[in-house]
Amino acid sequence: GFVPLYNGLDLRGWKQVKGNRGHWEAGNWILKYDGESSAEGEDVHLWTEKEYGDFVLMVDWRQPREPVPEEVPVILPDGTQAKDRDGNDQSVEILDAGDSGIYLRGSSKCQVNIWNWPVGSGEIWGYRVDKDLPEEVRRAATPMLCADNAPGEWNRFIITAIDDKVTVELNGKTVIKEARLPGMPEKGAIALQHHGDHIQFANIYIKEL
């Protein structure tokens with residue numbers, strides 16, 4: 001029941017705007033982005049032409065950029081940032097190869113994150129950091145474990161969205177399990193996120209439920 005969202009040859013099925021041309025590009029089976037789109041607003045991301053409700057989405061992704069040292073926050077299982085004994089935010093040095101993500105149902109708040117933070121990829125950023133939401137919602141939007149491969153290696157998401165709940169598998173491990181996302185749209189386009197960094201995608205398939 002899966003159908004391809006990316007055919008490996010061109011960007012048919014994806015919205016094309018002037019500022020994205022030459023930046024989001026089909027390169028054989030790899031969909032490449034150089035991080036330099038000049039499109040405005042939400043058009044800077046690469047959006048599907050079709051909208052989706054309930055689905056299972058498979059996406060392979062890779063960060064091709066050479067990683068560099070960077071200080072990033074330490075995120076606790078409840079989604080908050082760790083503090084030291086003096087109450088200051090804790091951070092840790094990592095090798096960072098950039099940032100991206102996948103927007104679900106037309107919503108940047110429903111973003112399944114791609115990055116190198118110790119908490120791991122797959123977190124649902126807009127819900128984890130929203131302090132107006134109940135703790136159980138923010139906790140469910142925080143990865144249960146880090147399942148990322150090393151920067152430069154390929155990773156695979158399998159993202160399931162049913163009603164207002166999202167499950168994320170990363171490299172065969174469940175990192176988000178049926179996270180309830182209050183206010184999640186019932187239907188919308190899917191986007192590959194611009195974050196100013198090089199990112200590559202491949203094997204993008206979707207099964208509507």
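Cut-offs and rules
Residues numbered from 1 in each chain as written. Predicted model: local features only at pLDDT ≥ 70, side-chain atom pairs only at ≥ 80, totals over all residues. Heavy atoms only, no water. Core = buried A, V, L, I, M, F, W, Y, C linked by side-chain atoms within 4.5 Å. Buried < 20%, exposed > 50% of the residue type's maximum accessible area, 1.4 Å probe, protein only. Helix = DSSP H or I, 4+ residues; strand = E, 2+ residues; numbered from the N terminus. Contact = heavy atoms within 4.5 Å. Pairing = 2+ DSSP bridges. 1 Å grid on protein atoms, 1.4 Å probe; cavity = no way out; pocket = protein on both sides within 12 Å on 5 of 7 lines; lining within 4 Å. Points joined across faces, edges and corners; volume = space filled by probe spheres on them. Nonpolar A, V, L, I, M, F, W, Y, C, P; charged D, E, K, R; others polar. Phe/Tyr/Trp six-rings, centres within 6.5 Å; stacked < 30°, edge-to-face > 60°. Lys NZ or Arg CZ within 6 Å of the ring centre and 35° of its normal.

### Focus: the nonpolar core
Okay, step 1: In this structure, Leu57, Phe201 and Ile204 are the most contacted members of the largest nonpolar core, which totals 43 residues.
Okay, step 2: Only strand S3 (30-33), strand S5 (55-62), strand S8 (100-104), strand S9 (107-114), strand S10 (155-162), strand S11 (165-170), strand S12 (173-180) and strand S14 (199-208) provide two or more residues apiece to this core.
Okay, step 3: Contact partners of Leu57, with chain neighbours within four places excluded, come to Leu5, Ile102, Phe157, Ile158, Ile159, Ile190, Ile204, Tyr205 and Ile206.
Okay, step 4: Membership of the second largest hydrophobic core comes to six residues, among which are Ile75, Ile94, Trp115 and Val119.

### Things to note about the sheet that holds strand S4 (residues 46-47)
Okay, step 1: Across the sheet, four strands lie side by side as S4-S13-S8-S9; this open sheet has antiparallel pairing. Here the strands that pair on one side only, and so sit at the sheet edges, are S4 and S9.
Okay, step 2: Relative to strand S13 (residues 191-192), S4 runs antiparallel, the two being bridged by two bridges. Counted as the bridge partner of Trp47 is Ala191 from S13.

### Here we look at the pairing of S3
The side chains of a regular strand alternate, first on one face of the sheet and then on the other.
Okay, step 1: Relative to S3, strand S2 (residues 24-27) runs antiparallel, the two sharing four bridges. Counterpart to Trp24 in the pairing with S3 is Tyr33.
Okay, step 2: Adjacent in sequence and paired antiparallel, S2 and S3 are bridged by two residues, among which Asn28 carries a positive phi angle near 60°.
Okay, step 3: Pairing between S3 and S14: three bridges, direction antiparallel. Its bridge partner lying in S14, Tyr33 is registered against Ile199.

### Describing the layout of surface pockets
Okay, step 1: Of the volumes computed, that of the largest pocket is approximately 250 Å³.
Okay, step 2: What lines the largest pocket is a set of 13 residues, among which Gly79, Thr80, Gln81, Arg128 and Lys131 lie closest to the centre.
Okay, step 3: Considered class by class, the residues forming the lining of the largest pocket number five nonpolar, three polar and five charged.

### Remarks on the packing of aromatic side chains
The description of an aromatic ring pair uses the distance of the two centres, along with the angle that the planes make with each other.
Okay, step 1: Overall, the coordinates contain seven aromatic pairs when judged by the stated rule.
Okay, step 2: Taking 3.9 Å as the distance between ring centres and 10° as the angle between the ring planes, the aromatic pair formed by Trp115 and Trp117 counts as stacked.
Okay, step 3: Given the relative accessible area of 2%, Trp115 is considered buried.
Okay, step 4: Taking 5.9 Å as the distance between ring centres and 85° as the angle between the ring planes, the aromatic pair formed by Trp115 and Trp125 counts as edge-to-face. With a gap of ten residues between them, Trp115 in the loop between S9 and helix H1 (125-128) and Trp125 in helix H1 connect regions that are remote in the sequence.
Okay, step 5: Within the aromatic cluster, the residues linked to one another by ring pairs are Trp115, Trp117 and Trp125.
Okay, step 6: Residue placement shows Lys109 over the ring face of Tyr127; its charged tip is 4.8 Å from the ring centre.

### Re the environment of Lys173
Okay, step 1: Among the structural elements, Lys173 can be located in strand S12.
Okay, step 2: Considering only alpha carbons, one finds Lys173 and Pro118, 55 residues apart in sequence, at a separation of 16 Å.

### Description of the pairing of S8
Okay, step 1: Most of S8 is tucked away: five of the five residues are buried.
Okay, step 2: Judged from the five bridges that link them, S8 and S9 form a sheet pairing that is antiparallel. By the bridge assignment for S9, Tyr103 is matched with Gln111.
Okay, step 3: Once S8 ends, the chain turns through two residues before running back antiparallel as S9, passing Arg105 with a positive phi of about 50°.
Okay, step 4: Summarising the sheet, S8 and S13 pair through two bridges and their orientation is antiparallel. Paired with Tyr103 across the strands is Ala191, a residue of S13.

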